[in-house]
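The lines below spell out each chain.
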Amino acid sequence: MAASTPRKAAARPNRSAAARRPKLAAVPTPEPLDLLAEFRTEEKTPVPIKLGTIEADVLRGFSGEQAIEFYRLVAAMDFAGMLALITTDGEGLWEFVGKLPPEHCSAILNKVINLSELHEGNLLAPLPGYGMDLAGAQPSPLSTDTTE
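Let us look at the structure shown here. (Residues numbered from 1 in each chain as written. Predicted model: local features only at pLDDT ≥ 70, side-chain atom pairs only at ≥ 80, totals over all residues. Heavy atoms only, no water.)

## Notes on the packing of helix α3 (residues 79-86) against helix α4 (residues 90-97)
Consideration 1: In contact at an axis separation of 8 Å, α3 and α4 are set at 140° when each is read in the N-to-C sense. Comparing the axis directions of α3 and α4 gives the class oblique. Our pair here, α3 against α4, has a crossing hand that is right-handed. Listed contacts from α4 to F79, A80, L83 and A84 of α3 are G90, L93 and W94.
Consideration 2: Taken together, the residues of the contact of α3 with α4 break down into six nonpolar, one polar and no charged. (Axes fitted to C-alpha atoms, helices over the stretch in contact; angles between N-to-C directions. Helix = DSSP H or I, 4+ residues; strand = E, 2+ residues; numbered from the N terminus. Parallel < 35°, antiparallel > 145°, perpendicular 65-115°, else oblique. Left-handed = near helix turned anticlockwise from the far one by under 90°. Contact = heavy atoms within 4.5 Å. Nonpolar A, V, L, I, M, F, W, Y, C, P; charged D, E, K, R; others polar.)

In structure tokens form, the structure reads like this:
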């Protein structure tokens, strides 16, 4: 019997798995989506308003940053700052509006906000006790209850 020679495994190219993968075209990095731009409003001519002897313009057309600042000011109940942002005489308007009863104050502020086109509908509800002097206020019947 003839001696058989052991078979050798077929020689494989010495390449890593990554080197054997086909080359893909470079994918460009996408530009980040500017979320603040979604809050931007269209630039329009201001709306003139009159409140007693105060005349001002309600601005229309805000950047995304300004729109977010508007909602931040409303959430903080900084209505003087909010009026300064969306009108040409926020200080004068707040001097007048801030002295009104809550239902009238919120009605005027909502009207100005709607004119600015930053929000539709009533954003502000009359806040109980807002702008009122609570000195001498009587406690509610349930305020003396305990949690025991």
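## Brief notes about the side chain of S116
Consideration 1: With respect to the secondary-structure elements, S116 resides in helix α5 (residues 102-116).
Consideration 2: The class for S116 is buried, based on a relative accessible area of 1%.
Consideration 3: In terms of polar contacts, S116 uses its side chain to reach the backbone carbonyl oxygen of I113, at 2.6 Å.
Consideration 4: Aside from chain neighbours lying at most four places away, what touches S116 is V58, L59, R60, F62 and I86. (Buried < 20%, exposed > 50% of the residue type's maximum accessible area, 1.4 Å probe, protein only. Polar contact = N/O pair within 3.5 Å; in protein donor to acceptor, adjacent residues only side chain to side chain.)

## Comments concerning the pattern of salt bridges
Consideration 1: Scanning the entire structure with this criterion turns up four salt bridges.
Consideration 2: One salt bridge connects E117 with K44, and the closest N-O pair in it is separated by 2.9 Å. Of the two residues, E117 is situated in the segment after α5 and K44 in strand β1 (residues 44-51); the sequence distance between them amounts to 73 residues.
Consideration 3: We classify E117 as partly exposed; its relative accessible area is 37%.
Consideration 4: Taking the relative accessible area as the measure of exposure, K44 reaches 30% and is therefore partly exposed.
Consideration 5: Between R72 and E69 there is a salt bridge whose closest N-O contact spans 2.6 Å. Linking R72 with E69, this pair stays in helix α2 (residues 64-75), spanning three residues, or about one helical turn. (Salt bridge = Lys/Arg side-chain N within 4 Å of Asp/Glu carboxyl O.)

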